[in-house]
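In case you want the letters, here they are:
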Amino acid sequence: MKKHLLALSAAAVLLAPQAVGAEGFSINEWSAEGFAMGGARMFAENDAANMAYNPASLTKIKGEVAKISATYISPHGKYKTYGVPDPNGGTVQGTDSREFSHGHNRVHPAWAPGSYYVKQVNEKEWFGFGAYSRFGNSCQFEPGSIPGANNTSSKINGMSIGMNYARKLDSKWSASVGAEVNYAWLQIDKTKPFDLTTKAQIEGESYALGWNAAVNYAFDDKNEMGVVYRSAVNHSMEANVRENLISKMYGLPDGSITDAYGCVTLPESVMIGYGHKFNDKTRVELNGTWTRWSRFDRFDMTLSGPNVPGVISPSTRDWKDGWRYAIGVEHKLSDKYSLLAGIAYDESSIPDYPEIGADFMVPTGTRTTFTIGTQYHDDKQTLALAIGYMKVGDLNIAGSVNPESHDPYHHAKMYDSYTKLVSISYQYNF
């Protein structure tokens, strides 16, 4: 089977809940400066990363600039499961309050890259190109553990490759339109609890198209507002399945299921921002991003193989729409050095227990991120470095009463979760 596959939707292939687009997969770390300001960086002067944060602000760039960035993301967390599964089959034993197992999300770091190029064509027109991550995840549990049937290891990488045209309409208005190719890759591993020989793996990649539009309005020299809309992206998926876990679940011979197919939509979003300059040295930005996570009400996969004409795997999500709020401050210490700081809060869009919708693929609740950074800049280049700490809220997960299925526990809880982040950016002005 050719590996032109949908990555972000493929997590549902093994009867796993949807692994795409939950707030745990939303990436906003597109440059060190933007990360340092909590993601509230819609009105930066002469910054090529405006391609990601607000394409309408490409009109703030002078001449020709190029930028690269990378953010190191290291998630941590602990879990408990409740209700005692029978390794030989049968139903979950005990009550929903009886703790059976505990462990932690093993350190499984990832990188969020970004690269941008912007050219000013004339006094009114700009073109920009960018490649950056909008969705992604990295998570790992012990093979053979209770969560391992739902997720032993998941690596979800996404990249948006886009081009934007921006125009300064007059002294107050600027606008931009753009298109993107959304690339996604996924590898998911699962193992049955107490049995390392019963396992499954899926790997895939896919491409899909999306678009965006943005507009800025300057009230005066000190106050500005902007709106950025990003469209939904519709993926279709074909995937290879290497397993004996799913066949056993359906009472089929090993190797019966080799392929899978399904569709998923990455949700649209709207970002609204406001920027205020106190003086030539200090400015502040506020923004809110609404994302339509409710698109993930359910996801059905068709599993197939040489002896299986089709097996439907329903997966109810019932996620809700959510907001991300951020505030960032930038202060020039001198002509060459600046200090940046920010804080951001992400609502959780995942239903909490006893609702169905949460799982070990997306082991996160609310997110509060504290960031600080510094920037060096001269006429030709800028270099920025930022660090951050993300406090992740608890998540309660509904399980299954049948240990032969993918969730052999009554319910589970993720707690004491946090993420460490470090980001670096370099820009060159031609």
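Position numbers for residues start from 1 in each chain and track the written sequence from start to end. Residues qualify for local features only when their pLDDT is at least 70, as the model is predicted, and side-chain atom pairs are given and counted only at 80 or more; totals for whole chains, interfaces and linings, by contrast, use all residues. As a rule here, side-chain values cover all heavy atoms of the structure and leave hydrogens and water aside.

K.L.:
Can you walk me through unusual backbone geometry in this structure?
P.N.:
With glycine set apart, most residues show a phi of negative sign, and most peptide bonds adopt trans. With a phi angle near 55 degrees, Asn46 is a residue other than glycine that sits in the positive phi range. Here a strand is any run of E in DSSP of at least two residues, a helix any run of H or I of at least four, and the numbering for each starts at the N terminus. The residue Asn46 is located in the loop between α1 (32-36) and α2 (50-53) in this model. If you check the backbone angles, Asp416 has positive phi at about 50 degrees while not being a glycine. One can find Asp416 in strand β21 (residues 409-429). Using a 1.4 Å probe on the protein chains alone, a residue whose accessible area is under 20% of its type maximum counts as buried, one over 50% counts as exposed, and one in between counts as partly exposed. By relative accessible area, which is 44% here, Asp416 ends up partly exposed.

K.L.:
Explain the layout of surface pockets here, please?
P.N.:
By rolling a water-sized probe across the atoms, one finds the places where empty space is left. Roughly 790 Å³ of volume is contained in the largest pocket. Lining the largest pocket are 32 residues, with Glu45, Asn46, Glu330, Lys332 and His377 positioned closest to its centre. Counting residues per element, the ones that place at least two in the lining of the largest pocket are β13 (282-291), β16 (322-332), β18 (367-377) and β21. Element by element, the count of residues in the lining of the largest pocket is highest for β16, at 3 residues. Residue classes follow a fixed rule: Ala, Val, Leu, Ile, Met, Phe, Trp, Tyr, Cys and Pro count as nonpolar, while Asp, Glu, Lys and Arg count as charged, and any other residue, Gly among them, counts as polar. Residue classes in the lining of the largest pocket are distributed as 3 nonpolar, 10 polar and 19 charged. We place a 1 Å grid over just the protein atoms. Points where a 1.4 Å probe fits but has no way out form a cavity, open points with protein on both sides within 12 Å along at least 5 of 7 lines form a pocket, and any residue with an atom within 4 Å of a point lines it. Grid points are joined across faces, edges and corners, and a volume is the space filled by probe spheres set on the points.

K.L.:
Quick question: what am I supposed to make of the nonpolar core here?
P.N.:
Note that soluble globular proteins tend to have their nonpolar side chains buried in a common cluster. Definition used in this section: a nonpolar core is a set of buried Ala, Val, Leu, Ile, Met, Phe, Trp, Tyr and Cys residues joined via side-chain atoms within 4.5 Å. By size, the foremost hydrophobic cluster in this structure holds 30 residues, and its most contacted members are Phe360, Ile397 and Met414. Only β7 (173-192), β8 (195-218), β10 (233-243), β11 (259-266), β20 (395-400) and β21 provide two or more residues apiece to this core. The element best represented in this core is β10, accounting for 4 residues. Here, two residues are considered to be in contact whenever any of their heavy atoms come within 4.5 Å of each other. In this structure Phe360 touches Tyr79, Cys139, Phe141, Pro147, Asn150, Asn151, Ile397, Tyr409, Ala412 and Met414, once residues within four positions along its chain are discounted.

K.L.:
Help me understand the environment of Phe194, please; the structure alone is not making it clear to me.
P.N.:
The residue Phe194 is located in the loop between β7 and β8 in this model. On a C-alpha basis, the gap between Phe194 and Ile146 in space is 8.1 Å, while along the polypeptide they are 48 residues apart.

K.L.:
Could you clarify how one ought to interpret empty space enclosed by the protein in this entry?
P.N.:
All told, the structure shown has 5 cavities of 30 Å³ or more when counted by the stated rule. In this structure, the largest cavity spans a volume of roughly 290 Å³. Of all the secondary structure elements, the ones that give two or more residues to the lining of the largest cavity are α2, β9 (223-230), β12 (269-277), β13 and β16. Here the lining of the largest cavity gets 3 residues from one element, more than from any other, and that element is β16. Residues that form the lining of the largest cavity fall into these classes: 10 nonpolar, 6 polar and 6 charged.

K.L.:
What am I meant to see in the side chain of Ser348 here?
P.N.:
Checked against the element boundaries, Ser348 lands in the loop between β17 (337-346) and β18. From its side chain, Ser348 meets the backbone nitrogen of Ile350 in a polar contact 3.5 Å long. We define a polar contact as two N or O atoms separated by no more than 3.5 Å, with the added condition that, inside protein, one atom must be a possible hydrogen donor and the other a possible acceptor, whereas residues neighbouring each other in sequence contribute only through side-chain atom pairs.

K.L.:
How should I be thinking about the packing of aromatic side chains in this particular structure?
P.N.:
Within 6.5 Å between ring centres, the rings of Phe, Tyr and Trp (the latter by its six-membered ring) count as paired, and their orientation is classed by plane angle as stacked under 30 degrees, edge-to-face over 60, tilted in between. All chains considered together, the criterion is met by 15 aromatic pairs. Ring plane angle 65 degrees and centroid distance 5.3 Å describe the contact between Tyr72 and Trp111, whose orientation is recorded as edge-to-face. Of this pair, Tyr72 sits in strand β1 (residues 64-82) while Trp111 is found in strand β3 (residues 110-120), placing the two residues 39 residues apart along the sequence. On the basis of relative accessible area, Tyr72 is assigned to the partly exposed category, the value being 28%. According to the relative accessible area criterion, Trp111 is exposed, its value standing at 59%. Ring plane angle 85 degrees and centroid distance 5.0 Å describe the contact between Tyr217 and Phe219, whose orientation is recorded as edge-to-face. Through successive ring pairs, a cluster of aromatic residues spans Trp30, Tyr53, Tyr116 and Tyr132.

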